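So the chains spell out like this:
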Amino acid sequence: MPDLSAFAAILPRVEAIVREAGDIAMEYFRHGAPTQAHVSLKHGGSPVTEADLRIDRLLYARLAELAPGIGWLSEETVDSPERLAHETLFIADPIDGTRGFMAGDPCFCVCLALVFGDRPVYGIVHAPALAQTFVASIGAGATLNGTPLAVSTRQELSGARLAAPENLHRILGGAGLTYSRQPRLPSLAMRLLRVAEGQCDAVLARENSCDWDIAAADLILHEAGGVLTDLQGRAPSYNRARPEHPVLAAGPPVLQARLIEAAVGGAATGRRA
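Okay, so let's go over this structure. (Residues numbered from 1 in each chain as written. Predicted model: local features only at pLDDT ≥ 70, side-chain atom pairs only at ≥ 80, totals over all residues. Heavy atoms only, no water.)

In this structure, Glu223 sits in helix H7 (residues 211-223). Salt bridges are absent for the buried Glu223, whose nearest opposite-charge side chain, Arg119, sits at 8.4 Å. Within the local environment of Glu223, its side chain forms a polar contact with the backbone nitrogen of Gly139, the two atoms lying 2.8 Å apart. In contact with Glu223, other than residues within four places in its own chain, are Ala136, Ser137, Ile138, Gly139, Ala140, Gly141 and Ala142. (Helix = DSSP H or I, 4+ residues; strand = E, 2+ residues; numbered from the N terminus. Buried < 20%, exposed > 50% of the residue type's maximum accessible area, 1.4 Å probe, protein only. Lys, Arg positive; Asp, Glu negative; His and termini not counted. Salt bridge = Lys/Arg side-chain N within 4 Å of Asp/Glu carboxyl O. Polar contact = N/O pair within 3.5 Å; in protein donor to acceptor, adjacent residues only side chain to side chain. Contact = heavy atoms within 4.5 Å.)

So this is what it looks like as structure tokens:
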């Protein structure tokens, strides 16, 4: 287990910076109404708002000043292979759930992880419109607004509360599974954290999520007693040349293993049909 003692002194300041980033988001957020932020399109067609960009600049500047030797990867910063030379780096998503944020959905968040090697050792997800702040340090548990988190104790998929994109719901249907379909929140990090707090039993995430979408939530889920892996049971590895990930499954250990079995079995059934 990595030693967090070298970073312990800066973590309260890191949390304060993330909360300040959330304040910027709230300047533009309109509950139930379109944002007043200017919106542009990135390469590939996904939207980015002036709030995303302001937060990205704030996080980069403040964290570089606070910890100048730590590398940087963010959804809204042009990536550089230079980060691969850093054993430790920050991974940020200035606003996870940008489309929901733009439409007035309060389920968006600022995500920040501190990664050592290829795994997160500290994570914070701040959802300012929900007044929720999730925090975890490796080996020290996870909290929501200071209250300890724990995943559900369910072990059977039948009747479980499960969130997934539509194509993965179809695959699970091919496995003959019956369960309670949960709303697919606009923020992937918040979907994972609903598992961490026990409100949702399990989640499937489609392929091509990126480091910034999941790194902080991955650690928080892990420290709450949950598991996040691909369908081969491999934990996500961070700070690689390509930051994308395959289909991922999250849940309490036994339930998550059964979810993977159902997803793989359902996909095989679909291919034979």
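Having seen the structure, we can now continue with the description.
Pairing is mixed in the open sheet, where 7 strands are placed in the order S3-S4-S5-S6-S7-S8-S9. Edge positions in the open sheet fall to strand S3 (71-74) and strand S9 (147-148), since each of these has one partner strand only. Here 2 bridges tie strand S8 (residues 142-144) to S9, and the two strands are oriented antiparallel to one another. Bridge assignment links Leu144 to a residue of S9, and that residue is Thr147. Along the sheet, helix H6 (residues 188-196) makes contact with strand S4 (88-96), strand S5 (109-116), strand S6 (119-127) and strand S7 (132-137), crossing S7 at roughly 75°. Set on the sheet, H7 makes contact with S3, S4, S5, S6, S7 and S8; between it and S6 the angle comes to about 100°. (Pairing = 2+ DSSP bridges. Axes fitted to C-alpha atoms, helices over the stretch in contact; angles between N-to-C directions.)

Let us now look at helix H2 (residues 11-28). The end-to-end C-alpha distance of H2 is 27 Å, a good match for the 26 Å that 18 residues give at a rise of 1.5 Å each. Buried residues of H2: Leu11, Val14, Ile17, Val18, Ala21, Gly22, Ile24, Ala25 and Tyr28, and no others. Buried residues of H2 fall within an arc of 155° about the axis and therefore sit on the same side. (Expected span 1.5 Å × (residues − 1). Arc of directions from axis to C-beta.)

So, on to the pattern of salt bridges. Taken as a whole, this structure holds 14 salt bridges when the rule is applied. Salt-bridge contacts for Glu76 lead to Lys42; the nearest nitrogen and oxygen are separated by 3.3 Å. Linking Glu76 in the loop between S3 and S4 with Lys42 in the loop between strand S1 (39-41) and strand S2 (47-49), this pair joins segments that are 34 residues apart in sequence. In this structure, Arg194 and Glu197 form a salt bridge, with 2.4 Å as the shortest nitrogen-oxygen distance. Take Arg194 and Glu197: they sit in the same class, and that class is buried. What emerges from the salt-bridge pattern is a single network uniting Lys42, Glu75 and Glu76.

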